[in-house]
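# Per-entry structural report
Here is how the chains run, residue by residue.
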Amino acid sequence: MKNIRVGIIGTGNISGIYFKNLGEFEGVEVVACADLDVERAKAKAAEHGVAKGCSVEELLADPDVDLVVNLTIPAAHAAVCLQALEAGKHVYVEKPLAVSREDGRRIVELAAAKGLRAGAAPDTFLGAGIQTCRRLIDEGAIGEPLSAVAFMMSRGHEHWHPSPEFYYQVGGGPMFDMGPYYLTALVSLLGPIAEISGMTRITHKERTILSEPKKGQIIPVEVPTHVTGNLRFASGAIATMITSFDIPAGSSVRNIEIYGTQGTLAVPDPNTFGGPVRLKRFGENEWTDIEVTLPYAGNSRGVGVLDMANAIREGRPHRANDALAFHVLEAMHGFHDSNDSGSVYRMTSACEAPAPL
């Protein structure tokens with residue numbers, strides 16, 4: 001079958017794993033990469049054996065590129081996605097789909113109008129760990145899912161990231177940084193979200209960078225750094241979720257647990273692809289470690305691109321799709337909107353839980 005030819009836009013830190021994995025997956029071929037810094041794009045092309053490093057404009061005009069993988073910063077996600085679609089190319093973007101709901105809708109609508117595919121990270125829900133959880137739920141291992149908890153609690157990124165400023169600017173914060181992993185996992189396991197009740201706070205108005213090379217620089221905080229709330233799913237299940245950059249001493253709670261009528265399922269870190277997966281059925285005294293044997297247990301970022309490429313050839317829906325990504329984007333805004341309005345946010349979008357891989 002013909003390879004889907006990929007062009008990568010944005011050659012920063014995250015690009016390395018995409019170059020590696022897309023270079024190894026069968027059915028896709030990276031033929032070009034681009035960056036605002038053209039010399040960096042050329043260096044990355046040479047490093048990874050890609051034929052061409054070039055400007056963004058040159059890549060978008062290249063007839064040999066079928067699908068653009070957009071790895072730019074979140075503030076540029078929408079603009080680059082729209083440019084790729086206007087150029088007649090399918091597009092897959094790092095999370096989130098866009099910063100604003102309006103831009104997210106524009107991407108979804110333009111892709112549909114052009115008859116092109118759009119999709120977005122995270123694709124960790126396609127990994128062996130969460131797919132094992134999906135299989136267990138589908139098989140009835142915990143009965144009917146009734147409720148869930150999801151916790152992402154950290155001290156923030158200024159103690160390790162070389163340029164952490166954007167995590168505290170519009171489009172950042174713990175919800176927009178890590179929320180896509182948790183919400184996408186929950187939707188893939190429980191289905192679409194119906195409504196959200198959220199509360200937020202900015203705990204520190206300034207942050208001090210503790211990492212090199214910007215150690216000592218002060219960051220003004222523009223977005224909530226602690227976001228918590230409840231989600232009601234269309235299925236009737238209810239989840240409690242916390243994302244926070246305000247937990248300096250860490251936490252011992254699990255990432256995600258799903259509670260059903262017949263058991264409890266401990267879901268692995270949704271920012272990873274593997275296990276562990278643990279199950280405790282009604283009447284049992286001990287947890288059972290479930291063997292994770294499905295594919296993509298290692299760092300498989302880019303498997304969503306591979307699935308999109310296969311879907312294009314096979315004429316089927318792709319799993320890390322724009323409807324799912326927009327639903328997650330709206331939900332993230334929903335937490336903030338609920339806090340700001342003092343009322344429940346009711347979702348306007350819907351999506352289907354992607355088919356098991």
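Up top you'll find the structure we're talking about.
Residues numbered from 1 in each chain as written. Predicted model: local features only at pLDDT ≥ 70, side-chain atom pairs only at ≥ 80, totals over all residues. Heavy atoms only, no water.

The number of helices and strands found in the protein is 9 helices and 17 strands. The C-alpha radius of gyration computed for the protein amounts to 20 Å, which stays within 12% of the reference 21 Å derived for 357 residues, consistent with globular compactness. Taking all 357 residues of the protein together, the buried fraction comes to 56%. Restricting to contacts in the protein with at least 6 residues of sequence separation, those with at least 24 account for 70%. Approximately 15,100 Å² of the protein is accessible, and the part contributed by carbon and sulfur atoms is 51%. Each charge sign in the protein was given a centre, from 32 positive and 42 negative side chains, and these centres are 1 Å apart. (Helix = DSSP H or I, 4+ residues; strand = E, 2+ residues; numbered from the N terminus. Rg over C-alpha atoms; globule rule 2.2 N^0.38 Å. Buried < 20%, exposed > 50% of the residue type's maximum accessible area, 1.4 Å probe, protein only. Contact = heavy atoms within 4.5 Å. Areas by Shrake-Rupley, 256 points an atom, 1.4 Å probe, with all protein chains shown as cover. Lys, Arg positive; Asp, Glu negative; His and termini not counted. Charge placed at Lys NZ, Arg CZ, Asp CG, Glu CD.)

Take the packing of aromatic side chains next. As enumerated under the stated definition, the model contains 3 aromatic pairs in all. Arranged with centres 6.3 Å apart and planes meeting at 90°, the rings of Phe25 and Tyr296 form a pair that is edge-to-face. A residue pair is termed long-range when its members are at least 10 positions apart, and Phe25 in the loop between α1 (15–24) and β2 (28–34) and Tyr296 in the loop between β16 (288–290) and α8 (303–314) qualify at 271 residues. Between Arg254 and the ring centre of Trp287, over which it is positioned, the NZ or CZ distance is 4.6 Å. (Phe/Tyr/Trp six-rings, centres within 6.5 Å; stacked < 30°, edge-to-face > 60°. Lys NZ or Arg CZ within 6 Å of the ring centre and 35° of its normal.)

Judged by which residues are buried, strand β4 (residues 67–70) turns out to be covered on both faces: Leu67 and Val69 on one side and Val68 and Asn70 on the other are all buried. Relative to β4, strand β1 (residues 4–9) is paired through 4 bridges, and the arrangement is parallel. Directly across from Ile8, in β4, lies its bridge partner Val69. Crossover handedness for the path β4 to helix α4 (residues 74–86) to strand β5 (residues 90–93): right-handed. (Pairing = 2+ DSSP bridges. Right-handed = clockwise from strand over helix to strand, strands pointing away.)

In this section: helix α2 (residues 38–48). Of all the positions in α2, only Ala41, Lys44 and Ala45 are classed as buried. Down the axis of α2, the buried set is contained in an arc of 100°. They therefore lie on one face. Residues Glu39, Ala46 and Glu47 are exposed on α2 and point more than 90 degrees away from its buried face. Of the surrounding secondary structure, the elements contacted by the buried residues of α2 are α1, β2 and β3 (52–54). Two or three places before Glu39, at the start of α2, stands the capping residue Asp37, its side-chain oxygen 3.2 Å from that residue's backbone nitrogen. Gly49 sits one or two residues past α2 and shows a positive phi near 70°. (Arc of directions from axis to C-beta. Polar contact = N/O pair within 3.5 Å; in protein donor to acceptor, adjacent residues only side chain to side chain.)

Attention shifts here to the packing of helix α7 (residues 173–190) against helix α9 (residues 322–341). Viewed as axis vectors pointing N to C, α7 and α9 meet at an angle of 120°, and their least axial separation amounts to 9 Å. Judged by the inter-axis angle, α7 sits oblique to α9. Crossing geometry of α7 relative to α9 is assigned as right-handed. Here Met175, Phe176, Gly179, Pro180, Leu183, Thr184 and Val187 of α7 lie close against α9, whose contacting residues are Leu324, His327, Val328, Leu329, Ala331, Met332, His333, Phe335 and His336. (Axes fitted to C-alpha atoms, helices over the stretch in contact; angles between N-to-C directions. Parallel < 35°, antiparallel > 145°, perpendicular 65-115°, else oblique. Left-handed = near helix turned anticlockwise from the far one by under 90°.)

Turning to α9, a few remarks are in order. For α9, with 20 residues, the first-to-last C-alpha span of 27 Å sits near the 28 Å given by 1.5 Å per residue. Of all the bends found along α9, the most pronounced is centred on Gly334 and spans about 25°. Burial within α9 is extensive, with 15 of its 20 residues counted as buried. Downstream of α9 by one or two residues, Gly342 has phi in the positive range, about 70°. (Expected span 1.5 Å × (residues − 1). Bend = angle between axes of the 7 residues up to and from the residue.)

The tally for this structure, following the rule as stated, stands at 21 salt bridges. Through salt bridges with shared partners, one network takes in Asp307, Glu314, Arg316 and Arg319. (Salt bridge = Lys/Arg side-chain N within 4 Å of Asp/Glu carboxyl O.)

It is the contact of helix α5 (residues 101–114) with α9, at a shortest axis distance of 10 Å, that shows an interaxial angle of 165°. As summarised for this structure, α5 and α9 are arranged roughly antiparallel, according to the angle between their axes. When the axes of α5 and α9 are compared, the crossing they make is left-handed. Seen from α5, the contacting residues are Arg101, Gly104, Arg105, Val108 and Ala111; seen from α9, they are Asp322, Phe326, Leu329, Glu330, His333 and Asp337. For the contact of α5 with α9, the residue count by class is 4 nonpolar, 2 polar and 5 charged. (Nonpolar A, V, L, I, M, F, W, Y, C, P; charged D, E, K, R; others polar.)

Strand pairing in a sheet is mediated by backbone hydrogen bonds. Such pairs are either parallel or antiparallel. Taken in spatial order, the 9 strands make up an open sheet running β16-β15-β14-β13-β7-β12-β11-β8-β17, and their pairing is mixed. Two strands close off the open sheet at either side, each with one partner strand: β16 and β17 (345–346). Pairing of strand β11 (residues 226–233) with strand β12 (residues 238–244), which is carried by 7 bridges, proceeds in the antiparallel orientation. When the bridges of β12 are listed, His226 appears paired with Ser244.

What follows covers the sheet that holds β5. With parallel pairing, 6 strands are arranged side by side in an open sheet as β3-β2-β1-β4-β5-β6. At either margin of the open sheet sits one strand with a lone partner, and together these are β3 and β6 (118–120). Direction aside, the axes of adjacent strands within the sheet are offset by 25° on average. The sheet contact formed by β4 and β5 spans 4 bridges and is parallel. Within β5, the position partnered with Leu67 by the bridge is His90.

The next point concerns the nonpolar core. Grouped together as the largest cluster of nonpolar side chains are 105 residues, with contacts concentrated most on Ile8, Tyr18, Leu22, Leu183, Ile258 and Leu265. Excluding anything up to four places from it in sequence, Leu22 contacts Val6, Ile8, Val28, Val30, Val69, Gly302 and Val305. (Core = buried A, V, L, I, M, F, W, Y, C linked by side-chain atoms within 4.5 Å.)

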